[in-house]
Amino acid sequence: PYPPGGAAEWVDRAELAWQEGRIAAFMICLRSDGELVGAIALAKTPEEEVELGYWIGVPHWGNGYATEALRRVLEYAFDNLSLKRLATYHFAHNPASGRVMEKAGLKFQGVTPQGSRRGDQVFDDVRYGIDAAEWLAATAV
């Protein structure tokens, strides 16, 4: 989702945010050759909540990488960090991301009209969330 060089800048900003305790970012790489296909992060909001965010490079869409990464980060967040709740959203014009969230176990929370922006554009966002008890119930099979 970045212009040329933008992903590298994002990685640099994520490293600084990690050092400051504001974000835990993970690169999503292929096991076969280590190719970077995307990233996923847990970030504190100004309200001290924790939000998830992720992106997958277009050539890698539809391969299940986002769902697998999201499940692993949820497991890490609840089992290792003892977080109580996580939230995330997708732009309303990207329902495929919502399907990823649902497959990973997140629950639909609602739509926020013009709730997000990218650059100068404003978009409706579709919110999802999951708490530790829901995660435990979903994974206790």
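Here, every reference points to the structure presented above.
Since the structure is predicted, the reported quantities are computational estimates derived from the model, not experimental observations.

Caption draft 1: View of the environment of Tyr-89. Note that Tyr-89 resides in strand S4 (residues 85-91). Excluding residues that lie within four positions of it along the chain, Tyr-89 makes contacts with Glu-51, Met-101, Ser-116, Asp-125, Val-126 and Arg-127.

Caption draft 2: Structural context of helix H2 (residues 65-80). Over its 16 residues, H2 extends 22 Å from the first C-alpha to the last, a length consistent with the 22 Å expected when each residue adds 1.5 Å. All of the buried residues in H2 are Ala-66, Thr-67, Ala-69, Leu-70, Val-73, Leu-74, Ala-77 and Phe-78. Considered in projection along H2, the buried side chains sweep an arc of 165 degrees and stay on one side of the axis. Looking one or two places after H2, you find Ser-82, whose phi comes out positive at around 55 degrees.

Caption draft 3: Region of interest: unusual backbone geometry. Although it is not a glycine, Ser-82 adopts a positive phi angle of roughly 55 degrees. By secondary structure assignment, the location of Ser-82 is in the loop between H2 and S4. For Ser-82, a relative accessible area of 47% puts it in the partly exposed group. Backbone geometry at Gln-114 places phi at a positive 50 degrees, although glycine is not the residue there. Checked against the element boundaries, Gln-114 lands in strand S5 (residues 107-118).

Caption draft 4: Spotlight on the nonpolar core. Core analysis: the largest hydrophobic core is formed by 25 residues, its most contacted members being Leu-42, Leu-52, Leu-70, Leu-74, Leu-86 and Leu-106. Counting residues per element, the ones that place at least two in this core are strand S1 (23-29), strand S2 (36-44), strand S3 (50-56), H2, helix H3 (95-103) and strand S6 (121-131). Sorting elements by how many residues they give to this core places H2 first, with 7 residues. Leaving out residues up to four positions away in the same chain, Leu-70 has contacts with Ile-40, Leu-52, Tyr-54, Val-100, Met-101, Ala-104 and Leu-106. In this structure, Ala-14, Ile-23, Ala-41 and Trp-55 belong to the second largest nonpolar core, which totals 7 residues.

Caption draft 5: Expanded view of the packing of aromatic side chains. Taken as a whole and judged by the stated rule, the model has 5 aromatic pairs. Seen in terms of ring centroids, Tyr-89 and Phe-91 are 6.3 Å apart; in terms of plane orientation they differ by 55 degrees. Their pairing is tilted. Judged by relative accessible area, which is 27%, Tyr-89 ranks as partly exposed. We classify Phe-91 as buried; its relative accessible area is 13%. For the ring pair Phe-91 and Phe-123, a centre distance of 4.6 Å and an interplane angle of 35 degrees mean the geometry is tilted. On the criterion of sequence distance, the pair formed by Phe-91 in strand S4 and Phe-123 in strand S6 is long-range, its members being 32 residues apart. Among the residues examined, Phe-123 registers a relative accessible area of 16% and is labelled buried. Among the aromatic residues, those joined into a ring-pair cluster are Tyr-89, Phe-91 and Phe-123.

Calculation notes
- Residues numbered from 1 in each chain as written.
- Predicted model: local features only at pLDDT ≥ 70, side-chain atom pairs only at ≥ 80, totals over all residues.
- Heavy atoms only, no water.
- Helix = DSSP H or I, 4+ residues; strand = E, 2+ residues; numbered from the N terminus.
- Contact = heavy atoms within 4.5 Å.
- Expected span 1.5 Å × (residues − 1).
- Buried < 20%, exposed > 50% of the residue type's maximum accessible area, 1.4 Å probe, protein only.
- Arc of directions from axis to C-beta.
- Core = buried A, V, L, I, M, F, W, Y, C linked by side-chain atoms within 4.5 Å.
- Phe/Tyr/Trp six-rings, centres within 6.5 Å; stacked < 30°, edge-to-face > 60°.

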